[in-house]
Amino acid sequence: MDIDAVFHTNHSGIVTTNPLLDQLPSYQSLLYRRKVATDGSKRRGSARSRLSSSSSLKRDASTFSRQDKQKVQTLQRPARELPKTMEEKRAHKKQMDAAHQLSSWGQWSQNTRRCLKRLKDEARASMKSMQLWRGDIHLIEGRFGTGIQSYFFFLRFLVMLNFIIFLLMFSFVMLPIIVAPHASGNSTYSQSNDSVCAVYPSSTRRGLVLFREQLTDMLSGEGFLEQTYLFYGYYTVDRIHFAYIIYNLPLAYLLATIGYLIVSLIWIVKRSATGFKDNMVQDEDRFQSFCNKIFAGWDFCITNKNAAGLKKKSLSYELKTDLEEERMKQKKADRTRRERCRIYLIRVILNVFVVGVLCGCFYSIYAATSYSQQAQMSTVKGNSFMDLLIEYLPSIVITMANFITPLLFAIIINYEDYSPAFEIRFTLMRCVFMRLASIGVLLFSLWSRITTCNDKTCICGYNHQQYSCWETRVGQEMYKLAIFDFLIIAAVALFIEFPRKLLVDYCNCGLVKWWGYQEFAIPQNVLEIVYGQTICWIGTFYSPLLPAICTIKYIFIFYIKKVSLMKNCRPATRPFRASSSNFFFLGVLLIGLSLASVPVVFSIAQINSSKACGPFVNYTTSWEALTSTVSQLPSGIRGLLYILSSEVVAVSLFVITCLGMFYVIALAGAHKRVINQLREQLAMEVRDKHFLMAKAQSLSGAKPPHFKSKSRSRSGGSPSYHTSFTSNFSEAVSLVHPPPHSSSHV
Amino acid sequence: MKWVLFVDEHALPCFKTYNSTTAQIRATRLKIEKNSLCSQFGFLFKESQMCKSVLCSRLHGRYHELAPHLVPMDYTNDPECKIPPALIVNMPELKENPFRNRIVESFSEDGQGNLSFNEFVDMFSVLSETAPRELKAIYAFKIYDYNVDNYLCKEDLEKTLNKLTKEELTPEEVELVCEKTIEEADLDGDNKLSFADFENMITRAPDFLSTFHIRI
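Residues numbered from 1 in each chain as written. Chains lettered and ligands numbered in written order. Predicted model: local features only at pLDDT ≥ 70, side-chain atom pairs only at ≥ 80, totals over all residues. Heavy atoms only, no water.

Identification of chain B as Calcium and integrin-binding family member 2 from Betta splendens is taken from an unreviewed UniProt entry.

By the naming in an unreviewed UniProt entry, chain A is Transmembrane channel-like protein, taken from Betta splendens. Chain A has a UniProt comment under Sequence similarities (unreviewed entry) that states "Belongs to the TMC family." As stated in UniProt under Subcellular location (unreviewed entry), the record for chain A gives "Membrane". (UniProt positions renumbered as here; feature names shortened; annotations may be inferred.)

In structure tokens:
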């Protein structure tokens, strides 16, 4: 249908044209565009007369049906969602019930649907009420807002994740061993023939063991703890023969490890899916814009007077920061070339300095680990405090480095002259890198010690003289890191934050008052627990009970942090938005997961498993447990698995994933273009409206009315708001109809 | 079609203030179970659901304790009573809210802030966690529209901003922020925000749903 001309019908249904409507700004710009494209402006005059009344009637019908459809849509929405008062809602409900006189079958099905829906709602509500720590987090939200609440949600998520990982490892690795004697299972143990590599000197203490020594053993994971289910070395069962099946424990161990990594990945990605969407939308449309701060900035849940005052301060701080950023942008645009060179030079120098600092930290961690390992080898099992200190030396160095470097980064970033938002993000990135890389350095130093022997090549594939059961040693290091992390968090809360609060409360010195309470800095706290979780992920392969320890550790940390927050802390002046924080937390967690999977996968696949202990004694590497099982499968499945793991399938999968990604990106681009076009159309519509109203005034010669149409203001009832643009559009369209009468609309 | 109230059911602190007048509570609850209140508020919950009736009785209890001399315990005769806004804005949930006056005014029929029980329930229903986004957007627009002209003009924004920041920003900064806000959200170029502009902007505001709710 040719819609060149803007036309309407008069009351008799005959097509007429209106020169007024041809002057509409939107039509003019449409014509202009079309003229530019096809140069067919001459068509306008002839087309108008040619058009029949049926098409115009159709167009009328379509506008009317649009209005009807909207009415039906309003009717179909549940009454509770309508923005009307109670009486209007009841009238609406009555109307709806009257409209739908269903048969008995219809009513029955409707009733069942309603019952099911209500059941679902109730189930969801009861599930929600059973969530862990709901009341505590609710309290925190009320006093400190949604930013800090998101930290506690994150902590709760980690507790659940660790618990699930523990259940996985327990049910597949430990449960069969424990159940075997009771279920008449016959366990066979793995024996190694290789005599040199299979030497495993016992590390249990002999003779009278003091309690102090037992405590030292508990803290360092050695001594009596080494020969428990806590560490890899104790799992020597090879097969368990139950009534009908043979349970292959090494395979189960390996698959459980891979399983927990995959489960963590899927759960984190699922959880971050919504946050990612929001973040993408934000980035497109002026991230954390003014509108969001003004209209969605006040947290209506706040009931505490102090919290309210704090929120106001933080909001004004945010707005000032945003204005500052605008000024910075302006300044940046105005920068001269000379200034730009100077700033770049400063940035390069400072980045080199940062890299130097990082290298220094990493080297000290490496040196500390080497020294600690060396010292543990050479000295006889002493029981002094110094020995414990030496055992914990890597942990201490890591913690100190992670304490000093954020302060350093915060000072350096001031000289680099970035915009405030970028400053925060960049500092955070540096801290994340520092935290996670320090674990990597520790593992690297361990690996270099395990795989280098005195002579050139290692007989057993690893350093069997010093590390007869190297997996247990790695497990012990991770165990020590986890314990020390927990001790540090507890110690900081007890010995730094609490005295600070007491000092601020009871000392009247001006300096102390200015120092103030401890700020609950969310990013640093999040990095702490992500660090702990990364250790857990790495350590679970070497120490299957570590997830349980981490679950309990995080439960304690929850209560410590909560009490510390309530008593000792004040909220940060730089507020952390709940919406973006979810994405940040899970993003950092994903980085931690990817970092954690590298050493685990590497050690499973590359480093020879120790021959003296553990379930993989009969295999060269741990991965061989899987390959040997696959080679024993029937040939059909075996062939299939070989094909699936070949390069052909991998490359094709990669190519298909890339194609899918490009498709989605193209789709997103197309949507964006449509959105821009619709936006332009919106602006056009309103310009049309202005134009028509001005014309109507001039035609009717009436007094120019207020543009703020006061006639629609409160008239006893709440004004009904249309909830979609189509309603305004239909309004605009109805205005197109008889223009001489438009003065009555005004 | 039976309704479900949107109000959140798990506000434990409320029950504490409630227990002081247990006799009255029991009486109210009995009346509810005897369908007297249910016939009035039959749309709100199913009669057999104990928790919902407790919820309604709790809300009614809160309403009652705002003005015990005004609000009757028995609603069978459908009394017409409204509580003046001065009493409602002193509720602990609303006391610290800078927009409390506007909230109460937006939900009142006369625009002055006198709320009947219907409107009281309406208010907490819209402000609960499970109310849909469009509904919240409508009422948010009403709340921020100080001069009630269906547009958020610059003066409305300035008042909102001053209430939010407690006058910590200088007048130039306030002016600048209002300008930027209108610039960001105004799609039709009339230098003020109509409801369409506001709705379009608020659906893209990521914090809106998480901040625009009150727990009772």
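After that view of the structure, there is still more to cover.
Q: What is the right way to look at the overall build of chain B in this model?
A: The helix and strand tally for chain B stands at twelve helices and zero strands. When the helices and strands of chain B are read in sequence order from the N terminus, they spell out α-α-α-α-α-α-α-α-α-α-α-α. In chain B, the share of contacts with a sequence separation of at least 24, taken over all contacts with a separation of at least 6, comes to 61%. As displayed, chain B has an accessible area near 8500 Å², and 51% of this comes from carbon and sulfur atoms. (Helix = DSSP H or I, 4+ residues; strand = E, 2+ residues; numbered from the N terminus. Contact = heavy atoms within 4.5 Å. Areas by Shrake-Rupley, 256 points an atom, 1.4 Å probe, with all protein chains shown as cover.)

Q: Got a minute to help me understand the overall build of chain A in this structure?
A: Of regular secondary structure, chain A possesses 26 helices and seven strands. Across the 746 residues in chain A, those meeting the buried criterion constitute 42%. A separation threshold of at least 6 residues defines the contact pool for chain A, and within that pool the share at least 24 residues apart is 76%. Summed over its atoms, the accessible surface of chain A is roughly 40400 Å², and 65% of this surface lies on carbon and sulfur atoms. (Buried < 20%, exposed > 50% of the residue type's maximum accessible area, 1.4 Å probe, protein only.)

Q: What should I look at first to understand the state of the cysteines in this one?
A: By definition, a disulfide is the covalent link that joins the sulfur atoms of two cysteine residues. Residue and element names in this part refer to chain A. For the structure on display, the rule yields one disulfide over all chains. Each disulfide pairs two cysteine sulfurs, and for Cys469 the partner residue is Cys613, the sulfurs being separated by 1.7 Å. The sign of the S-S torsion, about 100°, decides the handedness of the disulfide formed by Cys469 and Cys613: right-handed. Of this pair, Cys469 sits in the loop between helix H16 (420-451) and helix H17 (470-506) while Cys613 sits in the loop between helix H21 (578-605) and helix H22 (624-632); the two residues are 144 residues apart in sequence, bridging distant segments of the chain. With respect to class, Cys469 is no different from Cys613; both count as buried. (Disulfide = S-S within 2.5 Å.)

Q: Just checking my understanding: could you explain the UniProt feature "domain: EF-hand" (unreviewed entry) in chain B for this structure?
A: According to UniProt, the feature "domain: EF-hand" (unreviewed entry) maps to residues 173-208 of chain B in the numbering used here. The span residues 173-208 of chain B is 61% helical and 0% strand by assignment, and the distance between its end C-alpha atoms comes to 24 Å.

Q: What is the right way to read the confidence of the model for chain A from this model?
A: Caution applies to low-pLDDT parts of the model: their predicted coordinates are not meant to be read in detail. Summarising the model, chain A shows a mean pLDDT of 78, and 79% of its residues fall at 70 or more. Across residues 40-65 of chain A, confidence stays below pLDDT 50; counting only partners more than four residues off in sequence or on other chains, it has 26 contacts. (pLDDT = per-residue confidence, 0-100.)

Q: Honestly, the packing of aromatic side chains in this entry has me stumped. Any pointers?
A: For any pair of aromatic rings, the description rests on two quantities: the centre-to-centre distance and the angle between the ring planes. Considering all chains together, one arrives at 45 aromatic pairs over all chains under this definition. With 6.1 Å between their ring centres and 45° between their planes, Phe486 of chain A and Phe556 of chain A make a pair best called tilted. With Phe486 of chain A in helix H17 and Phe556 of chain A in helix H20 (residues 546-568), this pair connects stretches of sequence that are 70 residues apart. You can call Phe486 of chain A partly exposed: its relative accessible area is 22%. For Phe556 of chain A, a relative accessible area of 48% corresponds to the partly exposed category. Each ring, one from Phe117 of chain B and one from Phe120 of chain B, has its centre 6.4 Å from the other, and the planes form 25°; the classification is stacked. Within this pair, Phe117 of chain B and its partner Phe120 of chain B are both found in helix H7 (residues 117-126), separated by three residues, close to a single helical turn. This pair shows no difference in class: Phe117 of chain B is buried, exactly as Phe120 of chain B is. (Phe/Tyr/Trp six-rings, centres within 6.5 Å; stacked < 30°, edge-to-face > 60°.)

Q: Just checking my understanding: could you explain the environment of Glu213 of chain A for this structure?
A: Turning to its location among the elements, Glu213 of chain A is positioned in helix H9 (residues 211-220). For the pair formed by Glu213 of chain A and Gly223 of chain A, sequence separation is ten residues and the distance between their alpha carbons is 8.8 Å.

Q: Where do I start with a negative patch on the surface in this structure?
A: A cluster of like negative charges, contributed by Glu87 and Glu88 of chain A together with Glu80, Glu109 and Asp110 of chain B, occupies part of the molecular surface. Inspection of the secondary structure assignment puts Glu87 of chain A in helix H5 (residues 86-99). (Patch = residues over 30% accessible without salt bridge, like charges linked within 9 Å, V, L, I, M, F, W, Y side chains within 5 Å. Salt bridge = Lys/Arg side-chain N within 4 Å of Asp/Glu carboxyl O. Lys, Arg positive; Asp, Glu negative; His and termini not counted. Charge placed at Lys NZ, Arg CZ, Asp CG, Glu CD.)

Q: It is not clear to me how the UniProt feature "transmembrane region" (unreviewed entry) in chain A should be interpreted in this structure. Could you clarify?
A: Per the UniProt record, "transmembrane region" (unreviewed entry) is annotated on residues 153-179, 244-269, 344-369, 389-415, 478-496, 583-605 and 648-670 of chain A. Taken end to end, residues 648-670 of chain A has its terminal C-alpha atoms 33 Å apart, with 100% of it in helix and 0% in strand.

Q: How should helix H19 (residues 522-540) of chain A be read in this particular structure?
A: For an α-helix the count is 3.6 residues per turn, leaving residues at separations of three or four pointing the same way. Counted at 1.5 Å a residue, the expected span for H19 of chain A with its 19 residues is 27 Å, and the 27 Å between its end C-alpha atoms agrees. Of all 19 residues making up H19 of chain A, 18 are buried, and the element is well covered by its neighbours. (Expected span 1.5 Å × (residues − 1).)

Q: Any chance you could explain the confidence of the model for chain B here in plain terms?
A: Residues and elements named next belong to chain B. The share of residues in chain B with pLDDT of 70 or more is 73%, and the mean pLDDT across the chain is 73. Residue range residues 1-51 is modelled with pLDDT below 50. Its contacts to residues more than four positions away, or to other chains, number 104 contacts. The complex model carries a pTM of 0.69, and its ipTM stands at 0.76.

Q: Can you walk me through the packing of helix H8 (residues 133-144) of chain B against helix H11 (residues 195-202) of chain B in this structure?
A: Each pair of packed helices gets described by two things: the angle between the helix axes and the distance between those axes. Residue and element names in this part refer to chain B. Look at H8 against H11: their axes get within 10 Å of each other, and the N-to-C directions meet at 125°. Taken together, H8 and H11 sit at an angle that is classed as oblique. Of the two possible hands of crossing, H8 and H11 adopt the one that is right-handed. Only Phe195, Phe198, Glu199 and Ile202 of H11 make contact with H8, whose side of the interface consists of Arg133, Glu134, Ala137, Ile138, Ala140, Phe141 and Tyr144. (Axes fitted to C-alpha atoms, helices over the stretch in contact; angles between N-to-C directions. Parallel < 35°, antiparallel > 145°, perpendicular 65-115°, else oblique. Left-handed = near helix turned anticlockwise from the far one by under 90°.)

Q: What should I look at first to understand the side chain of Glu423 of chain A in this one?
A: Relative to the assigned elements, Glu423 of chain A resides in helix H16. Discounting residues that sit within four places of it in the chain, Glu423 of chain A has contacts with Ile413, Asn414 and Tyr418 of chain A.

Q: Is there a simple way to explain the pairing of strand E4 (residues 237-241) of chain A in this structure?
A: Consecutive side chains along a regular strand alternate between the two faces of the sheet. For strand E3 (residues 186-189) of chain A and E4 of chain A, the ladder comprises four bridges, and the chain directions are antiparallel. Residue pairing across strands places Asn186 of chain A opposite His241 of chain A, the latter belonging to E4 of chain A. (Pairing = 2+ DSSP bridges.)

Q: Is there a simple way to explain a nonpolar patch on the surface in this structure?
A: Residue and element names in this part refer to chain A. The grouping of Tyr363, Tyr366, Phe444, Trp447 and Phe602 at the surface amounts to a nonpolar patch, some 520 Å² of accessible area in total. For the nonpolar patch, the elements supplying multiple residues, two or more each, are helix H13 (337-378) and H16. Looking at Tyr363, the relative accessible area reads 59%, which means it is exposed.

Q: How do you make sense of a positive patch on the surface when you look at a structure like this?
A: Residues Lys305 and Lys313 of chain A together with Lys95 and Lys166 of chain B make up a contiguous surface patch of positive charge. Here Lys305 of chain A shows up in helix H12 (residues 305-333). The class for Lys305 of chain A is exposed, based on a relative accessible area of 61%.

Q: What is the right way to look at the sheet that holds E4 of chain A in this model?
A: Sheet strands associate in pairs through backbone hydrogen bonding, adopting either a parallel or an antiparallel arrangement. Residues and elements named next belong to chain A. Spatial ordering of the open sheet is given by E3-E4-E5, a layout of three strands whose pairing is antiparallel. The sheet is open, and its two borders are formed by E3 and strand E5 (246-248), each paired with just one other strand. The mean inter-strand angle of the sheet, taken between neighbouring strand axes irrespective of direction, is 25°.

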